[in-house]
Amino acid sequence: MDLNATIFVAGHRGMTGSAITRRLQALGCRNILTAARSELDLTRQADVEAFFQNHAIDQVYLSAAKVGGIHANDTYPAEFIYENLMIEGNIIHAAHQAGVDKLLFLGSSCIYPRLAGQPMNEEALLTGTLEPTNEPYAVAKIAGIKLCESYNRQHGRDYRSVMPTNLYGPNDNFHPQNSHVIPALLRRFHEAVEARAEELVVWGSGKAMREFLHVDDMAAACVNVMELDKAVYQAHTRPMLSHINVGTGKDCTIGELAETVARVTGFQGRLVFDNSKPDGAPRKLLDVSRLKALGWQAGISLEDGLRDAYRWFLENQRHFRS
């Protein structure tokens, strides 16, 4: 690994970008380039192109994205597809124009069909209908994969894509309506403990199955994939099917997740599942055999990871009062 390379982490203040930044710093990288939203609007093409022209960038981690849970995706579909298409299109094209040869795009496991075979392998892409509640976001992420593949095929670039499963950890979004399931549950269970509530209502039947990956594991996997020799990466992928799944290879029901969150937060009341709320896809487990064949696998257990995420929430909860 070239510790003197200039590495642009797009979205460095988000959960994924901050984890990648921490990982690079821990490895001794000396030239990590970042830009806050107030400094660079990634949805504005001219601004992004100027940024790349003004900096001699060697590598890009494209972790910037508009993200949210089922409620946010279902409420703001236009924003989710527009902003994500603009961000990835602007960065990937500007990187190519500036002569940047190495880029890693972060997608999402929601790119796979709603009823894809389980566990979902990379070949399942574009083989069926997407989950309706987050289809706009998924379409944008699929477009990002195809952007990378197209610049590789036409221009010989080395642009790679990883598809993480559901992520959680430090710097997650704990908004009461727009967050993903783990931060939403951590916050609601914490508030229930504070209120000494006798019961807590969880959205959905509790039977849907999900896989969860701590964001620090994700960051380690991203650096691992970025630093693979080009010939090795190409040997495990195909020009038009080049993405790699990143996950634990294990899943649990939402009900089991809620019980684990209850242990972590100390909630001792009764759990009630609201069947009138959507479950989303019935199961989402990634096949991570390709990643394991490349020499990497997750190392943080779900309960240990939840304790770390809850610790971070407690240290920063003053920012989540509204």
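So, here's what we can say about the structure.

Examining the nonpolar core
For soluble globular proteins, nonpolar side chains are generally found buried alongside one another. In terms of nonpolar packing, the biggest core is built from 42 residues, with Phe8, Phe52, Ile91 and Leu103 touching the most fellow members. Mapped by element, the contributors of at least two residues to this core are β1 (6–10), α2 (45–54), β3 (59–62), α4 (77–97), β4 (102–106), α5 (135–155) and β5 (158–164). Those residues in contact with Phe52, other than ones at most four positions away along the chain, are Phe8, Ile57, Val60, Ile91, Ala94, Ala95, Ala98 and Val100. The next biggest cluster of nonpolar side chains, apart from the first, holds 30 residues, and it includes Val9, Ala19, Leu228 and Val246.

Concerning the sheet that holds strand β8 (residues 209–210)
Reading across the sheet, the 3 strands line up as β11-β8-β13 and stay open at both edges, with mixed pairing between neighbours. The sheet is open, and its two edges are formed by β11 (252–253) and β13 (283–284), each paired on a single side. For β8 and β11, the ladder comprises 2 bridges, and the chain directions are antiparallel. Across the sheet, the residue bridging to Arg210 is Cys252, located in β11.

Notes on unusual backbone geometry
With an omega of -10 degrees, the peptide bond running from Gln118 to Pro119 counts as cis. On the secondary structure map, Pro119 appears in the loop between β4 and α5. A positive phi angle is found at Leu126, which is not glycine, with a value near 65 degrees. Mapped onto the fold, Leu126 is located in the loop between β4 and α5. One non-glycine residue, Arg196, adopts positive backbone phi at about 55 degrees. Structurally, Arg196 is set in the loop between α6 (181–195) and β7 (199–203). The exposed category is assigned to Arg196, whose relative accessible area is 75%.

Cut-offs applied
- The residue count restarts for each chain, going from 1 along the sequence in the order it is written.
- Predicted model: local features are reported for residues with pLDDT of at least 70 only, side-chain atom pairs are reported and counted for 80 or more only, and whole-chain, interface and lining totals are derived from all residues.
- Hydrogens and water are ignored here; the side-chain numbers use all heavy atoms of the structure.
- Here, nonpolar core means buried Ala, Val, Leu, Ile, Met, Phe, Trp, Tyr and Cys residues that are tied together by side-chain atoms lying within 4.5 Å of each other.
- Residue exposure (1.4 Å probe, protein chains only): buried if accessible area is under 20% of the type maximum, exposed if over 50%, otherwise partly exposed.
- Helical segments are the DSSP runs of H or I of at least four residues, strand segments are the runs of E of at least two, and each set is numbered from the N terminus.
- In this description, contact between two residues means that some pair of their heavy atoms is separated by no more than 4.5 Å.
- Here, a strand pair is defined by DSSP locating no fewer than two bridges between the strands.

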